[in-house]
Structure formats: C-alpha cells, structure tokens
Amino acid sequence: MYEKIGTDQDGRELRLMDILESEPVDVVGNLETQKNIRQVRANIERTLNERERQVITERYGLDGKKERTQREIAADLGISRSYVSRLEKRALEKLRDGLTV
C-alpha cells in the first residue's frame, strides 16, 4: 500500500494508499444506483415493444452498445429520422409512466 507505484503529473511519487485516500467510496450510493439500474432494465423489458427497446438501447448506448444518433438508427431500420424520434419519445413516456407506478 505504501510502495511507490508511479508519479503524478507534477512528478511526485504516487502510492496506492494516496489514491485510495483521495477517492472516498459511497457504498450506499453505489448500491442505490445499481438498484435503480436494475429497475430501469426490468421496466424496459416489461414495458417496451421490440422496436422501442432497440431504439432506446441504441440511442442511449445501453447493454454496452455505442450511443447512436437518430439518423444512424433510422438508416439501419429503414425508417425516417422523425419516426425514430417519435418512437424514442413514446418509449421514454412509457418508461417514465412505468417507474411512477
């Protein structure tokens, strides 16, 4: 923990202990975030149809995918960008409603 592991941008020695002390871990916050993520994922599966799920997943980079623009999604699905926008809006409203129930 106290052995030198490198240097910082200013050339000072860095130790693992320095890093651990400088970044406090919010365990309760992390658990709450993980719980919220599970709820959103379950809500996506329960609430959205396949096309809406695809648009939301690609648009926001869920499941390890890269975030994509409405135009990119539209080109892949062979639909207009405005239709992707409507699908996205409807899906987000469904998700919002599903979380408040």
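What counts and what doesn't
- All residue numbers here refer to positions counted from 1 along the written sequence of the relevant chain.
- Per-residue local features of the predicted model are confined to residues with pLDDT of at least 70, and side-chain atom pairs are confined, for both listing and counting, to 80 or more; whole-chain, interface and lining totals are unaffected and use all residues.
- Side-chain numbers come from the whole structure's heavy atoms, not from hydrogens or water.
- Helix and strand assignments follow DSSP, with helices taken as H or I runs no shorter than four residues and strands as E runs no shorter than two, numbered in order from the N terminus.
- Contacts: residue pairs with any heavy atoms within 4.5 Å of one another.
- Per-residue accessibility takes into account occlusion by the displayed protein chains alone, with areas from the Shrake-Rupley method and a 1.4 Å probe.
- Each cavity reported here is a set of points on a 1 Å grid over the protein atoms alone in which a 1.4 Å probe fits but cannot get out, each pocket an open set with protein on both sides within 12 Å along at least five of seven lines, and each lining residue one with an atom within 4 Å of a point.
- Grid points are joined across faces, edges and corners, and a volume is the space filled by probe spheres set on the points.
- Just so you know the grouping, Ala, Val, Leu, Ile, Met, Phe, Trp, Tyr, Cys and Pro go in nonpolar, Asp, Glu, Lys and Arg go in charged, and all remaining residues, Gly too, go in polar.

Peer 1: Could you give an account of the overall build of the chain, naming the residues involved and the relevant values?
Peer 2: When helices and strands are counted, the chain shows five helices and two strands. When the helices and strands of the chain are placed in sequence order, the string is β-β-α-α-α-α-α. Put simply, of all contacts in the chain between residues at least 6 apart along the chain, 34% involve residues at least 24 apart. When the accessible area of the chain is evaluated, it comes to approximately 7,700 Å², of which 50% is carbon and sulfur surface.

Peer 1: Pulling in residues and values, what's your account of the layout of surface pockets?
Peer 2: If you add up the space inside the largest pocket, you get close to 210 Å³. Looking at the largest pocket, the residues that line it are I37, V40, R41, I44, E45, R53, Q54, T57, E58, L62, D63 and K65. Mapped onto the lining of the largest pocket, the elements with two or more residues apiece are helix 2 (27-47) and helix 3 (50-60). No other element matches the five residues that helix 2 contributes to the lining of the largest pocket. Class assignment of the residues belonging to the lining of the largest pocket gives a composition of four nonpolar, two polar and six charged.

Note that all results are geometric; they support no functional claim without further evidence.
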